[in-house]
Structure formats: C-alpha cells, structure tokens
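Coordinate inspection notes
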Amino acid sequence: QKGELIILAGEPGVGKSSFSFDLLYYYAMQGIPSLLFSLEMPPWRILPRIVALHKRKDSRLCNDVETLSDAYKELKNVPFYLAYKYSKLNWDYVADTVRHCVRRYGIRFLVFDNLHFLCRSLTHATEEISVTIQSFKLLAEELAIPILIIARPRKTTSKIIDEDDLKGSADIAGDADIIILLSREKKRSTHGEDIEGTFEPRCLITAAKVRYAAGGSTFLWVNDAECRFD
C-alpha cells in the first residue's frame, strides 16, 4: 500500500534480488512505473537477469546482442527503471534520486538493494541502520509509494531465519510495515557427485510481520537460472 515500508531478507544467495525482480517486472508489465535502485549490481549485470525473466530463458544465455535487442523491442515501453551508484553514496543522494524519479517518471513502487551496502559504519552500525530505516519509512510516507528494502540477516546456524536475525533488528521490526523472509536449504552432495547451485529450489516465504494483517507462510519454487519464483 502507499507509504508502506517492506523489508525483504534472507541469507546471501537465497534469491532476494530475484524475488524483487519478479515483483518489479510484475508491476511494470501492468503499467505501474517501478524503480530498482541497486547498490549490489550495475545495470549491465541486471539486464540479462530481467531478460531471462521475460524470455523464460537461462540468464547466462541472455547477454548476446540479438537476445538483448529482441527483448528491448518488447520491453521498451514497459515502465521499469534502474538507478545505480557505487561510490561516495549517502542517504541524501539516495533520497534526492528517488524524489527526482518519482517526479519525472511517476514511480509508484521502489526496490532498494540493499540496506547494508548503504549502512557501512564500523562503530555505529546499529544506530546508522536505525536512522536509515526511519528515513526510508518517512520517504515512503512523503512520496506515498511502497518501498521495499533488501536486508541481510546476521550469521545464524538456523536454516529458517526470523525477524530477530536481522542486523539492527529491533528498529527494523519497529518501523517496517511488512517483513518478508526467504529460507532455503543448501544442496548436499550425497555420493560426491557434482551439483550446480548452492540452494535447493524449494523456498519458504514467510510474512513474519504484517502490520494490518495476520501474516503467514508458503512455499515457492525457485528457478535460479531464469531468476523466477513459481
């Protein structure tokens, strides 16, 4: 809903970015202007994954000129926007960029990837996360758009994470309207055979907190090659 702050979390490699790509693609294909502000991946790394999602094709096969040109013809009028900044990043730059995109392109859904790339303090990490989460919530209210932020959990031995495993968890849980957690089991080689990928395809999706509803959980099947959740 407008003004809501959504946190999406899971351990590295579990599919957080792919899950957010699915959401962005879904809304953009409905004509809802959507923005991905990525700190983890530059646009040239993101594009083959979006094309893979659109073409239902392995992303490793989506980086040639012919495939990208064909996808461009099909997607050129789809309101899917990318923002990227790697060096000297701070909150004011992020907020000003988002405001500008909302004014210029009418953005109605934002994914920010990710919180812990922005908050890199070595001595005041918890305080920095607390202030940044609050700032994102206020920005969502100001612009009247839902904002989804990808976050990392602390290192944990548990296969299934909960909201208490988030770095800076107290303030994240307090300010977020929705917390979505992704959990997958790691693949195991039983007889020394080669295996591809790190995680099993079955993913537990948990709505650990929903401010105005009960929350709950379900399983989705992850196609890592095509960056798609089914």
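Refer to the structure presented above.
Not measured: the values here are computed from a predicted model. (Residues numbered from 1 in each chain as written. Predicted model: local features only at pLDDT ≥ 70, side-chain atom pairs only at ≥ 80, totals over all residues. Heavy atoms only, no water.)

So, about the layout of surface pockets. In this model, the largest pocket occupies a volume close to 430 Å³. What lines the largest pocket is a set of 21 residues, among which Pro12, Gly13, Val14, Gly15 and Arg49 lie closest to the centre. Those elements that provide at least two residues to the lining of the largest pocket are helix H1 (16-29) and strand S5 (147-151). It is H1 that contributes the most residues to the lining of the largest pocket, three residues altogether. Residues of the lining of the largest pocket, tallied by class, amount to six nonpolar, eight polar and seven charged. (1 Å grid on protein atoms, 1.4 Å probe; cavity = no way out; pocket = protein on both sides within 12 Å on 5 of 7 lines; lining within 4 Å. Points joined across faces, edges and corners; volume = space filled by probe spheres on them. Helix = DSSP H or I, 4+ residues; strand = E, 2+ residues; numbered from the N terminus. Nonpolar A, V, L, I, M, F, W, Y, C, P; charged D, E, K, R; others polar.)

Let us look at the packing of aromatic side chains. What the rule picks out here adds up to seven aromatic pairs. Judged by centre distance (5.5 Å) and plane angle (55 degrees), the ring pair of Phe37 and Phe112 falls under tilted. With Phe37 in strand S2 (residues 34-38) and Phe112 in strand S4 (residues 109-113), this pair connects stretches of sequence that are 75 residues apart. Each member of the pair, Phe37 as well as Phe112, carries the same accessibility label: buried. These aromatic residues form a ring-pair network of at least three members: Phe37, Trp91, Phe112 and Phe136. (Phe/Tyr/Trp six-rings, centres within 6.5 Å; stacked < 30°, edge-to-face > 60°. Buried < 20%, exposed > 50% of the residue type's maximum accessible area, 1.4 Å probe, protein only.)

Bringing the packing of H1 against helix H2 (residues 43-55) into the picture now. At their nearest, the axes of H1 and H2 sit 11 Å apart, and the two run at 65 degrees to each other. Helix-helix and strand crossings are classified by hand; for H1 and H2 the assignment is right-handed. Only Ile46, Arg49, Ile50, Leu53 and His54 of H2 make contact with H1, whose side of the interface consists of Ser17, Ser18, Phe21, Asp22, Tyr25 and Met29. Class assignment for the residues of the contact of H1 with H2 results in six nonpolar, three polar and two charged. (Axes fitted to C-alpha atoms, helices over the stretch in contact; angles between N-to-C directions. Left-handed = near helix turned anticlockwise from the far one by under 90°. Contact = heavy atoms within 4.5 Å.)

Take the environment of Ala71 next. Positionally, Ala71 belongs in helix H3 (residues 65-75). For the pair Ala71 and Val51, spaced 20 residues apart in sequence, the C-alpha to C-alpha distance is 6.4 Å. When neighbours within four sequence positions are excluded, Ala71 is seen to be in contact with Val51 and Lys55.

This next bit is on the nonpolar core. Formed by 31 residues in total, the largest nonpolar core has its most connected members in Ile147 and Ile149. Residue assignment for this core shows that the elements contributing at least two residues are strand S1 (5-9), S2, helix H4 (91-105), S4, helix H5 (115-118), helix H6 (125-143), S5 and strand S6 (178-183). Element by element, the count of residues in this core is highest for H6, at six residues. Non-local contacts of Ile147, meaning those with residues more than four positions away in its chain, are made with Glu4, Leu5, Ile6, Leu110, Phe136, Leu139 and Ala140. Counting residues in hydrophobic clusters, the runner-up holds 27 residues, among them Phe21, Leu75, Val78 and Ile150. (Core = buried A, V, L, I, M, F, W, Y, C linked by side-chain atoms within 4.5 Å.)

Our next topic: the sheet that holds S4. On the basis of which strands lie adjacent, the open sheet formed by nine strands has the order S3-S2-S4-S5-S1-S6-S7-S8-S9 and mixed pairing. In the strand order of this sheet, the two ends are held by strand S3 (80-84) and strand S9 (228-229), each with one partner. Where H6 meets the sheet, it contacts S1, S4 and S5, and its direction lies at approximately 160 degrees from that of S5. (Pairing = 2+ DSSP bridges.)

A few words on the packing of H2 against H3. The N-to-C vectors of H2 and H3 enclose an angle of 70 degrees; their axes lie 10 Å apart at closest approach. The orientation of H2 relative to H3 falls into the category roughly perpendicular. Crossing of H2 against H3: the hand is left-handed. Each of Val51, His54 and Lys55 in H2 lies in contact with H3, whose residues at this interface are Thr67, Leu68, Asp70, Ala71, Glu74 and Leu75. Within the contact of H2 with H3, the residues separate by chemical class into four nonpolar, two polar and three charged. (Parallel < 35°, antiparallel > 145°, perpendicular 65-115°, else oblique.)

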